[in-house]
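Architecture and fold: a report
Letter by letter, the chains look like this.
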Amino acid sequence: KQNNEQDMKNALKDKTVVITGASSGIGEAMAKVYASMGAKVVLGARHADKLEALCRSIEQQGGRAAWCATDVTRPEDCKRLIDTAVEHFGGIDVMICNAGISMRALFDDVDLDVLHRLMDVNFWGTVYCTKYALPYLQKSHGSLVGISSVAGIHGLPGRTGYSASKFAMTGFLETIRIENLKKGVHVMVACPGFTASNVRFSALTANGSQQGATPRKEEKMMTAEQVARIVARGIARRKRLCLMEIEGRATHFVKKFAPGLVDRLFYYVMSKEPDSPFK
């Protein structure tokens, strides 16, 4: 365990790490944990007041941080976030595309606008940030990380837009990895399981309104800080795929041999959620 901690610190110390979706949940946890390991963190999210407070808190504890109000659905915002990192710290070593929204509704019932919003944030947000960060990552032989999900490994019922956007993100990142094989860029797809974070509270329902409450038990989930540390370990080891829980590892393994079984298990598990959209 001590070795793991040291590896993570060595991988992040004095490195410039850009994080989207940094004002809450996993993104906020990454900002705090990585700054405590000596990284220079550059934080993007829509909530300027939260980012400013988070940066102030990090700096008060001796860390180094910068922020830029960023709506990842706007390419000009993503460019400004990257420019902020370069202006403050001279380059980028790690780009973490973490901003994301979820949804919970049957495809039968969902407004098409909801699916567009999921793709705009989860997929296009990753594309825009990667576009502007990539030249700096090539220069630093750095890491590009997409925070995906088990829903990006196998379709998740009641989450069509979420699964589609995470599959799209994975396909995009895998292609970036191959294109950069000779350029020293590390690309990792990280797949947390269900995590105690804000992403589910703000999950969109069929008509695009926010869910407001999670149907799952928070105390049984991974914490955002646990996810942040596992991602750091994946960066240190330059992993391709970072599966974090038994569900994710089992899904990835069983899907190769019995995809129909995974379908039935996913249906069963999701139909048991309180107020499940299907039975």
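Here the structure is shown first, and the text comes after it.
Definitions and cut-offs
- Residues numbered from 1 in each chain as written.
- Predicted model: local features only at pLDDT ≥ 70, side-chain atom pairs only at ≥ 80, totals over all residues.
- Heavy atoms only, no water.
- Helix = DSSP H or I, 4+ residues; strand = E, 2+ residues; numbered from the N terminus.
- Contact = heavy atoms within 4.5 Å.
- Areas by Shrake-Rupley, 256 points an atom, 1.4 Å probe, with all protein chains shown as cover.
- Pairing = 2+ DSSP bridges.
- Axes fitted to C-alpha atoms, helices over the stretch in contact; angles between N-to-C directions.
- Expected span 1.5 Å × (residues − 1).
- Buried < 20%, exposed > 50% of the residue type's maximum accessible area, 1.4 Å probe, protein only.
- Right-handed = clockwise from strand over helix to strand, strands pointing away.
- Salt bridge = Lys/Arg side-chain N within 4 Å of Asp/Glu carboxyl O.
- Core = buried A, V, L, I, M, F, W, Y, C linked by side-chain atoms within 4.5 Å.

With that settled, the discussion passes to the overall build of the chain. For the chain, the count of helices and strands is nine helices and nine strands. On the principal axes, the C-alpha backbone points of the chain span a range of 55 × 40 × 35 Å. Considering only contacts within the chain whose residues lie at least 6 apart along the sequence, 70% involve residues at least 24 apart. By element, 52% of the accessible surface of the chain is carried by carbon and sulfur atoms, the whole surface being about 13300 Å².

Strands sit in the order S3-S2-S1-S4-S5-S6-S9 across an open sheet of seven strands; the sheet is parallel. With partners counted over all chains shown, the strands left at the sheet margins are strand S3 (64-69) and strand S9 (241-243), one partner each. For this sheet, the mean inter-axis angle between neighbouring strands, taken without regard to orientation, is 15°. Across the sheet, helix H5 (residues 112-140) touches strand S1 (16-20), strand S4 (94-97) and strand S5 (143-147), and the angle it forms with S4 is around 175°.

With that settled, the discussion passes to helix H6 (residues 160-179). When the terminal C-alpha atoms of H6 are compared, their 29 Å separation across 20 residues agrees well with the 28 Å that a helix rising 1.5 Å per residue should span. Looking at the packing, one finds that the buried side of H6 touches S4, H5, S5 and strand S6 (186-191).

Glancing now at the pairing of S5. Burial within S5 is extensive, with five of its five residues counted as buried. Two elements, S4 and S5, share four bridges in a ladder whose sense is parallel. Note that in S5 the partner of Val 94 across the bridge is Ser 143. Running through H5, the crossover from S4 to the neighbouring parallel element S5 is right-handed. Where S5 and S6 come together, five bridges link them in parallel fashion. Looking at S6, one finds that Ser 143 is bridged to His 186.

What follows is about the pattern of salt bridges. Here the structure, examined in full by the defined rule, presents eight salt bridges. A salt bridge links Glu 28 to Lys 32, with the shortest nitrogen-to-oxygen separation between them at 3.1 Å. Placement of both Glu 28 and Lys 32 in helix H2 (residues 25-36) is noted, with a separation of four residues, approximately one turn of the helix. With relative accessibility at 25%, the residue Glu 28 sits in the partly exposed group.

With that out of the way, let us pick up the nonpolar core. Val 18, Ile 92, Met 95, Met 103, Leu 118, Leu 144 and Leu 173 are the most contacted members of the largest nonpolar core, which has 47 residues in total. Looking at this core, the elements with two or more residues in it are helix H4 (75-89), S4, H5, H6, S6 and helix H9 (259-271). For this core, the element with the highest residue contribution is H5, accounting for eleven residues. Excluding anything up to four places from it in sequence, Ile 92 contacts Thr 16, Val 18, Ile 82, Ala 85, Ala 133, Tyr 136, Leu 137 and Ser 140. By size, the runner-up hydrophobic cluster in this structure holds 38 residues, among which are Leu 12, Ile 19, Val 41 and Met 222.

No statement about biological role is implied by the geometric values presented.
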